[in-house]
Amino acid sequence: MKRKSLLLPILVLLVCGVLTVLLTKFGRQVQPVKMEPYTPFVEAKVVTLTSKKLMVKSQGTVVASTRIPLISELDGAVTEVSHAFREGGVFQKGEVLLRIDDTDYKAALAQARAQLANANIQMETVQAEARLAQEDWKEMESMQLGDPSPLLFREPQLAGARMGMASAEASLVKAEKDLKRTLVRAPFAGRVVSKMADAGQFVRRGQELARVFDVSRVEVKLPIPVSELAFLDPSLSSIQLTGSSNPVRVDLEAEYAGQKRQWTGYIHRTSGEIDPRSRMISLIAEVADPYGVNATSKMAKSPLSVGMFVKADIHGRLLPETFSLPRAALLEGGQVIVLDESNRITFRDVSIVRYEASDAVIESGLNEGDRVCISRIEIPKEGSQVKPLEPMNEEQP
């Protein structure tokens, strides 16, 4: 039994060896297969020259261009207030907002008129006396009495009368102005932010009656990085220095009453300094007639209210000849892949003006009609073969 168990493995090995020899000698020879190199499919874009209007985005809060305290110029009791004299009230330029008791000021005006009349009488009296003195002196010239004294011709009295006349006239002007000031009028068309006085209240000269702002125009402070100034119109440089007659346009957008609304403004000046922490500079945009007082269309009547948060598109430079490519088409170092006539990869250095949301604006480095690869290739090599899909022109989505 032990002998049989030893012979069995030896027999198996002999059979395997014989089969190996037979297969090697009489078996079919394996021929090597030549592998074709892998050619990736890519998407290419045919670029064309187009003009490009650069836009700079910003955002800000609407503020009143003119916001002032309304101050009392007199002492007195408030006898009447306008219906518009309340928080949120709307008023027109020159409208009477409140009245101060004018009894004392009418009396002061009457007294000033009486003083002016007395001063006028005094003036006429002194002038008459001076004329009589001059006539008397002429009659006595033959007596050779020497030079006359100024007192003889009433010159000091005339000077005093003139000063009294001027003082009385000034008092009359002041009394007339004080009486007019009892009617507190709006300095411009605007709205009331808050009020600090009401009917029956006694107010003092210099006391704040209300806070109001002008509704004829509003301002929006739009901060942008200093580097973004390069994309704006060169006229902005003159705005920074002196204020320009050719302001930069800005389109504002905000949501009002559940709908998106648009307004147009213009940048007339910039902030006086650059923020040292954020390195931002603020452009001051002005919007005329923000409450649509002079508007004709329904859309234009949507008020651009003070305190509203808006997004802004600032109109920048117009580049006459540019190319636009998806950002994914750009390689490190400012290069793109251009396909030659044989669909082989060539690398091209390009000059990038700026990056936008999903595209890059190219100023130079490409030619009209170039096919630019916009697909990602793992390891692109100069001269490698690719298979472009159907070309896509810039006009195609």
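Residues numbered from 1 in each chain as written. Predicted model: local features only at pLDDT ≥ 70, side-chain atom pairs only at ≥ 80, totals over all residues. Heavy atoms only, no water.

Peer 1: Is there a simple way to think about the overall build of the protein chain in this case?
Peer 2: Helix and strand content of the protein chain: four helices and 23 strands. For the protein chain, the computed accessible surface area is about 25300 Å², with 54% contributed by carbon and sulfur atoms. (Helix = DSSP H or I, 4+ residues; strand = E, 2+ residues; numbered from the N terminus. Areas by Shrake-Rupley, 256 points an atom, 1.4 Å probe, with all protein chains shown as cover.)

Peer 1: Would you explain the side chain of Asp214 in this entry?
Peer 2: In this fold, Asp214 is placed in strand 11 (residues 208-214). One buried charged residue, Asp214, remains without a salt bridge, the closest side chain of opposite sign being Arg217 at 5.6 Å. Within the structure, the side chain of Asp214 is placed 2.9 Å from the backbone nitrogen of Ser216, a separation counted as a polar contact. Sequence-distant contacts of Asp214, that is, excluding residues within four places in its chain, are made with Thr66, Phe188, Ala189 and Gly190. (Buried < 20%, exposed > 50% of the residue type's maximum accessible area, 1.4 Å probe, protein only. Lys, Arg positive; Asp, Glu negative; His and termini not counted. Salt bridge = Lys/Arg side-chain N within 4 Å of Asp/Glu carboxyl O. Polar contact = N/O pair within 3.5 Å; in protein donor to acceptor, adjacent residues only side chain to side chain. Contact = heavy atoms within 4.5 Å.)

Peer 1: I'm lost on the packing of aromatic side chains in this one. Help?
Peer 2: Centre-to-centre distance and the angle between the planes together describe a pair of aromatic rings. Evaluated as defined, the whole model comprises zero aromatic pairs. For the cation-ring pair, Arg354 lies above Phe231, with the distance from its terminal atom to the ring centre recorded as 4.5 Å. (Phe/Tyr/Trp six-rings, centres within 6.5 Å; stacked < 30°, edge-to-face > 60°. Lys NZ or Arg CZ within 6 Å of the ring centre and 35° of its normal.)

Peer 1: For this particular structure, what's the right way to read the pattern of salt bridges?
Peer 2: Side chains bearing opposite charge may pair, as long as their charged atoms lie close to each other. Under the defined criterion, the tally for this structure stands at 16 salt bridges. Several salt bridges converge on common partners, so that one network encompasses Glu73, Lys174, Asp178 and Arg181.

Peer 1: Whenever I open this one, the nonpolar core confuses me. Can you help?
Peer 2: It is characteristic of soluble globular proteins that their nonpolar side chains tend to be buried jointly. One finds Val250, Leu252, Leu304, Val310 and Ile314 to be the most contacted residues of the largest nonpolar core, which totals 27 residues. Secondary structure elements with two or more residues in this core: strand 3 (50-64), strand 12 (217-225), strand 13 (248-256), strand 14 (259-270), strand 15 (280-288) and strand 16 (309-326). Filtering out sequence-adjacent residues up to four positions away, Leu252 remains in contact with Val220, Arg261, Gln262, Trp263, Val287, Leu304, Val310, Lys311 and Ala312. (Core = buried A, V, L, I, M, F, W, Y, C linked by side-chain atoms within 4.5 Å.)

Peer 1: Explanation requested: the pairing of strand 9 (residues 190-195) in the structure shown.
Peer 2: Taken residue by residue, a regular strand's side chains alternate between the two faces of the sheet. Looking at chain direction, strand 6 (residues 90-91) and strand 9 are connected through two bridges and run antiparallel. Its bridge partner being in strand 9, Phe91 is matched across the sheet by Gly190. The pairing of strand 9 with strand 11 spans five bridges and is classified as antiparallel. Bridge assignment links Val192 to a residue of strand 11, and that residue is Val212. (Pairing = 2+ DSSP bridges.)

Peer 1: Looking at this structure, how should I read helix 3 (residues 155-181)?
Peer 2: A turn of α-helix holds 3.6 residues, and therefore any two residues three or four places apart point the same way. Helix length check: helix 3 (27 residues) gives 39 Å between terminal C-alpha atoms against 39 Å at 1.5 Å per residue, within 8%. Burial in helix 3 covers these residues: Leu158, Ala161, Met165, Ala168, Leu172, Ala175 and Asp178. (Expected span 1.5 Å × (residues − 1).)

Peer 1: Which parts of the structure should I look at to understand the environment of Ser82?
Peer 2: Looking at the secondary structure, you find Ser82 in the loop between strand 5 (76-81) and strand 6. A relative accessible area of 17% means that Ser82 is categorised as buried. Measuring from C-alpha to C-alpha, the distance between Ser82 and Glu95 comes to 8.8 Å, with 13 residues separating the pair along the chain. With residues near it in sequence (within four places) discarded, Ser82 still touches Glu95, Val96 and Leu97. Side-chain polar atoms of Ser82 contact the backbone nitrogen of Ala84, separated by 3.1 Å.

Peer 1: Teacher, can you tell me more about the sheet that holds strand 10 (residues 202-203) here?
Peer 2: Neighbouring strands of a sheet are bound in pairs by backbone hydrogen bonds; such pairs are parallel or else antiparallel. Across the sheet, four strands lie side by side as 8-7-5-10; this open sheet has antiparallel pairing. Looking along the sheet, the strands with just one partner apiece sit at the ends: strand 8 (183-185) and strand 10. Direction of pairing for strand 5 relative to strand 10: antiparallel, over a ladder of two bridges. Within strand 10, the position partnered with Ala77 by the bridge is Phe202.

Peer 1: Help me understand the pairing of strand 15 in this model?
Peer 2: Of all the nine residues making up strand 15, seven are buried; the element is thus mostly covered by neighbouring parts of the structure. Strand direction decides the pairing type here: strand 12 and strand 15, joined by nine bridges, are antiparallel. Bridge pairing in strand 15 links Val218 to Val287. Summarising the sheet, strand 14 and strand 15 pair through four bridges and their orientation is antiparallel. When the bridges of strand 15 are listed, Arg269 appears paired with Ile284.

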